[in-house]
Amino acid sequence: MFKDLFRSKPKYVTVRPHRQPETSEKKEIPGGLWIKCDKCNNILYKKDLEKSFSVCPKCGFHFVITAKKRIQQLTDEGSFKEMDADLKTSDPLEFPQYLEKLEKYQEETEMKDAIVTGKATIAGRKTVIAVIDFNFMRGSMNTVVGEKIVRAFEVAIKEKLPVVVISGGGGGARMQEGVFSLMQMARTCQAADKHSKAGLLYIAVLTQATMGGVYASFASQADIILAEPGALIGFAGPRIIEQTMKQSLPAGFQTAEYVHNHGHIDHIVARPFLKETLTHLIDWHAR
Amino acid sequence: MFKDLFRSKPKYVTVRPHRQPETSEKKEIPGGLWIKCDKCNNILYKKDLEKSFSVCPKCGFHFVITAKKRIQQLTDEGSFKEMDADLKTSDPLEFPQYLEKLEKYQEETEMKDAIVTGKATIAGRKTVIAVIDFNFMRGSMNTVVGEKIVRAFEVAIKEKLPVVVISGGGGGARMQEGVFSLMQMARTCQAADKHSKAGLLYIAVLTQATMGGVYASFASQADIILAEPGALIGFAGPRIIEQTMKQSLPAGFQTAEYVHNHGHIDHIVARPFLKETLTHLIDWHAR
Amino acid sequence: MGNTIILEYEKPIIELEKRIEELKVFARERNLDLSDEIGTLQIRCDKLKREIYSSLNSWQRIQLVRHPQRPTALELIDLIFDDFFELHGDRLYGEDSAMVGGIGLFNGQPVTIIAPQKGRDTKENIERNFGLPHPEGYRKAIRLMRQAEKFGRPVVTLVDVVGAYPGIAAEERGQGPAIAEAITVMGSLQVPTVAIITGEGGSGGALALAMGNRVLMLENAYYSVISPESASIILYRNDQYAKEAAEALKISSRDLLEMQIIDEIIPEPLGGAHKDPKQMANLIKEALDRNLTILKGLSKKELAEARYERFKIYGTINGTN
Amino acid sequence: MGNTIILEYEKPIIELEKRIEELKVFARERNLDLSDEIGTLQIRCDKLKREIYSSLNSWQRIQLVRHPQRPTALELIDLIFDDFFELHGDRLYGEDSAMVGGIGLFNGQPVTIIAPQKGRDTKENIERNFGLPHPEGYRKAIRLMRQAEKFGRPVVTLVDVVGAYPGIAAEERGQGPAIAEAITVMGSLQVPTVAIITGEGGSGGALALAMGNRVLMLENAYYSVISPESASIILYRNDQYAKEAAEALKISSRDLLEMQIIDEIIPEPLGGAHKDPKQMANLIKEALDRNLTILKGLSKKELAEARYERFKIYGTINGTN
Ligand SMILES: [Zn+2]
Ligand SMILES: [Zn+2]
């Protein structure tokens, strides 16, 4: 039974905060077969890590994973159909060096921007899914991310489908698209609201890290908000707060557990249980 | 201009908390022409007090006033038409000594129970008004109070009128009608909600004291919540809290000013400005 | 029954059971056949149980529902519902573990479940604030009610709460307005609502979750505007007359059914829910199923209107107007 | 202008004005007729003013809107609206005086007014938390927006805010979700909404109040996803390049009008709003009246839909799809 899943608390739940997420490549050990855990510093065999959903078997640390891998983990095999894959920003401010930077990331990640959206089935149920990829400019929100989120909600409204968003961006709104990035907070909130008023289900999964303009818009407006253990979640970055407050931050500040204890997250779900959780929730909301 | 009223802060606003309100008779000086202020202990000439809206000219303390006097102060002369004046409780629990107690209060106050409701005009605008009278069993809520509040809202819905409630009860729900008093919390909330969903205006004026079942139902559900300076407002009584917490209460705890600072009151309005305030608010919501 | 805590009125039963046990040991040791005598005593004992447990007065029933082994909300949820996913937080200020809520399956149908939650032992009770919710608890409940309404799910509440927490911070964060808002929201939901008072139905803190289209009550539960102890203090200046106050306030399920405050009494296993939680859950399931079925035919608007009319009857002022 | 605080770029003007003043004194003392010369200088000075004030770069305009004498929200409200009754509190946790709101009359019509409020001096600034709202401020705004919707009142916001307060307690009480909720609620209101960015339009904390059917902006105001100082730190590792960042981010009213982020620029009196607050208020009144009139013909649904479409345009990804 589903509820039994949560009865024996998985050890992942006790994960401690982890302040400075890095892209996963940084920690690779030369040779490519091994990787060092960000948190416990144990050397892990990469194939083992893959099998454990990229969760450290020693300490439960949730590694940042790509959008592609996330979709593999959550959707039924072969069911995912990507939408709007070719959308690229028009660099609306003609911001210095921005296009060069984008090209570098596009090459590295083989993505056009920081988000993948599409339709898929989760345990047989049709769902629209949007996954932000931290590896592309720290998953920051620009016109492409905003537009693809809006389109995802609009498709879901049209076809009466639930939406699952996996939000993990470091920097919130992307500076290089300036006020256009800001406007995506407006648009994504409005689209999520329209979807909600159509009586449809929206589940947000907050992963490492969900900050700034992403958290202060669509990511916190879901019917049900799940979070991965240890994920960093908040509006203002910890450094800004430390500077403003001129005092040190409480232990575990802005971790999923901390934010949960302050009433903003429905349930913390370790990655191995995420698909089953989504399955049940989507199932219970199917009409 | 109306806004100028509030520009030069009236001195009444600085009134300090006053914990144990008593019925006004208690403080009368033999002879009947003089009265002692509950707060500053000054001896006041009763006719002067009357002229100053029963607000102490020395310290701004707001004396408890009867429903009748309140209606005089707030409504256009001669416009008040009482509703349901004859409603009496059926003593649903046949509670020991209750009827005797009621009779004593009925004699003393010349009221059937702790509330007066009716239709009146305020600066020419038709309004439904309900006033709880502290002098009748500390303005506690029983079936009569509940029923008359519900009928007031229902009349207002039918005739598309605003509702003004002046709530001042000491004890919340009346023990002697047991669970029937509790049910009045349910009914008054539902009636206020129905009125609200009809797009109509409801203003509550919280006076000395608004506690327990009155505060935890219709009194806190208004579109606009005004309060008189120094009024005691809360859910649990200060003594219960002190017993539970086993620590002393902060200065000014549960005064209108304190509750205002914690976000639960729109505006504190001294009694001499109350009619003008209601006039403007009703006027601005007239259609 | 080894570790069971014994209530005062149960002592004659326990005494008799002890005697029977002694007699059995005696018969075994002496190799005597006393089965007839033991059988008669057993019958006598069962009769005594039925007599005592069925004639409990209001005050004794209060002792019973305050029994530390009475099943808590989460234990009942586990037994009543096929599945349950807890949803936390009010999305405003905090997570109040004295109020639990979530989505569960009842006979295959998703429902929203909301319930104040007491602890089992001291540690748990401290965690759960002795089952006394803060405004956050009520605001969590409001959030989940609105969510249920959005998705057309029935709301089922299990109510066992002494009252809302009386404290400085609770006042500051609006305990009164939070309760009023919960009453208002549950009072006008356009989905079926069934409230089950499972233990203590303490005043506004209980009413906030008891705005059911149907209000059910376990046999031994009580529902009152004031605790009998507080009533005793007001009436007699001390808390020694709680028993009398309990009677005068008419807070027992039988009184409340007669006065139409509740719609139905759910019987408890002999001696109370804690004697057989599984049987208790089955009895609740049966009643819940029947009552949800009653509400199935109503439209959204009818559900809200029916609830308005349901509570409207308590305004009848007999003998006048 | 006695106590007026002088900004760097104003120094040539002040210098020239001082010379003219000296010349006047000289003429008077010596009893000379220098009126021609003084007149010419005066014309020269006016020309200089126009030149300087009209060619301010983005960074200079930021200095201007941060001028301590720039009229605050409450001062503007007092000048723009015929009447104003302040409504306090979020009805949840607190009263945030860094966010003011209430009902006012505009040309005889009731409107709901919401605005972050800075202080005038140190004492006021401490009271107003330097105009940086906590979640309570945004939740007060949400409450008043919903109230306005209930009564069919237009919502007018005056936006001058560096941003939402970044602090531990603000995070704990959900600064992010509060802003998101305000964006969502204002973004879907079924009443006319007009947002006027009057000074600093700082990121999400400003956007939360800028979901207007019409978004207007004072000539010297800015509106940006990030402060130029912070952008400078990110781009150049120190805050010395704020001027360059301000240009790159295109945050001036002229840039934003060109990019269709705003609908209209409201001109300021020569030298900025603080030089003549009354004139400033009249210019705002004229624009507000015109824009409210534009929205008058729309139905409730059309207002919400028009707002959705208004913001939808920022998704245009030129050159692809
Ligand atoms: Zn590890
Ligand atoms: Zn006095």
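This text goes with the structure placed above it.
Throughout, a residue's number is its position along its own chain's written sequence, starting from 1. Written order decides the labels, with chains lettered from A and ligands numbered from 1. Given that this is a predicted model, residues contribute local features only at a pLDDT of at least 70 and side-chain atom pairs are listed and counted only at 80 or more, while totals for whole chains, interfaces and linings are drawn from all residues. Hydrogen atoms and water are omitted, and side-chain values are computed over all heavy atoms in the structure.

Asker: I keep staring at the pairing of strand 7 (residues 202-210) of chain B and nothing clicks. Help me out?
Answerer: Remember that side chains alternate between the two faces of the sheet whenever the strand is regular. Residue and element names in this part refer to chain B. For the exposure calls, accessible area comes from a 1.4 Å probe over protein chains only, and a residue counts as buried if that area is under 20% of its type's maximum, exposed if over 50%, partly exposed in between. Helix and strand assignments follow DSSP, with helices taken as H or I runs no shorter than four residues and strands as E runs no shorter than two, numbered in order from the N terminus. Judged by how many residues are buried, strand 7 sits mostly within the fold: nine of nine residues are covered. DSSP calls a pair of strands paired once it identifies at least 2 bridges connecting them. Both strand 6 (residues 163-169) and strand 7 contribute to a ladder of six bridges, which runs parallel. Following the sheet pairing, Val163 is matched in strand 7 by Tyr202. Regarding topology, helix 6 (residues 178-197) serves as the crossover connection from strand 6 to the parallel strand 7, and that connection is right-handed. Pairing of strand 7 with strand 8 (residues 224-227) involves four bridges; the strand directions are parallel. What sits directly across from Leu206, in strand 8, is Ala227. Crossovers are described as right-handed under a simple rule: with the strands pointing away from the observer, the path leading from the first strand over the helix to the second runs clockwise.

Asker: In this structure, what is going on with the interface of chain B and chain D? I would like to understand it.
Answerer: The contact rule is simple, with two residues in contact once any of their heavy atoms fall within 4.5 Å. Each partner contributes residues to the interface: chain B has 28 residues there, and chain D has 25 residues. Taking both sides of the interface into account, the surface hidden between chain B and chain D amounts to around 2100 Å²; carbon and sulfur atoms contribute 54%. Within this document, salt bridges are pairs made up of a side-chain nitrogen of Lys or Arg and a carboxyl oxygen of Asp or Glu, the two lying within 4 Å of each other. Summed over the shared surface of chain B and chain D, the number is three salt bridges. Of the charged contacts, one joins D:Arg143 and B:Asp266 as a salt bridge, the two residues approaching to 2.4 Å between their closest N and O atoms. Each polar contact in these results corresponds to two N or O atoms within 3.5 Å; when the atoms are within protein, one needs to be able to donate a hydrogen and the other to accept it, and residues that are neighboring in sequence are counted only if both atoms are side-chain atoms. Applying the counting criterion to the chain B and chain D interface returns 15 residue pairs in polar contact (both at pLDDT 80 or more). Looking at the side of chain B that touches chain D, the elements with two or more residues in it are helix 1 (2-5), strand 8, helix 9 (256-261) and helix 10 (274-284) of chain B. A total of four residues in the side of chain B that touches chain D trace back to one element, the largest contributor, which is helix 10 of chain B. Residue polarity follows a fixed list, in which Ala, Val, Leu, Ile, Met, Phe, Trp, Tyr, Cys and Pro are nonpolar, Asp, Glu, Lys and Arg are charged, and the others, Gly among them, are polar. When its residues are assigned to classes, the side of chain B that touches chain D shows 12 nonpolar, 12 polar and four charged. As used here, buried area is the combined drop in accessible area, with a 1.4 Å probe, of two parts when they are placed together.

Asker: Explain the coordination of the zinc ion (ligand 1) to me, please; I cannot follow it from the model alone.
Answerer: Reference geometry at the metal: tetrahedral coordination by four donors gives ideal angles of 109.5 degrees; octahedral coordination by six donors gives 90 or 180 degrees. Residue and element names in this part refer to chain A. Coordinating donors are taken as N, O and S atoms within 2.8 Å of the metal, stretched to 3.2 Å for Na, K and Ca; because water is absent from the atoms, sites can appear incomplete. Each protein donor to the zinc ion (ligand 1) is listed here as Cys37 (SG), Cys40 (SG), Cys56 (SG) and Cys59 (SG); together their distances run 2.3 Å. Coordination at the zinc ion (ligand 1) comes from four donor atoms whose angles at the metal span 106 to 112°, giving a geometry best classed as tetrahedral. Between consecutive donors of the zinc ion (ligand 1), the numbers of intervening residues give the motif C-x2-C-x15-C-x2-C. Residue classification places Cys59 among the buried residues on the basis of a relative accessible area of 17%. Think of it this way: with four donors and all angles in the 85 to 135 degree range, the site is tetrahedral; with four or six donors, opposite ones beyond 155 degrees and the rest between 65 and 115, it is square planar or octahedral; otherwise it is irregular.

Asker: Just to check I follow, could you spell out the coordination of the zinc ion (ligand 2) for this structure?
Answerer: Residue and element names in this part refer to chain B. Taken together, the protein ligands of the zinc ion (ligand 2) are Cys37 (SG), Cys40 (SG), Cys56 (SG) and Cys59 (SG), with distances of 2.2 to 2.3 Å. Coordination at the zinc ion (ligand 2) is tetrahedral, judged from the four donor atoms that bind it and the angles of 106 to 112° they form at the metal. Linear spacing of the donor residues for the zinc ion (ligand 2) on their chain is C-x2-C-x15-C-x2-C. Remark: Cys59 occurs in the loop between helix 2 (46-51) and helix 3 (67-74) and Cys37 occurs in the loop between strand 1 (34-36) and strand 2 (43-45); sequence separation between them is 22 residues. Assigned by exposure class, Cys37 and Cys59 land together as buried.

These results come straight from atomic positions and should not be treated as a statement about function.
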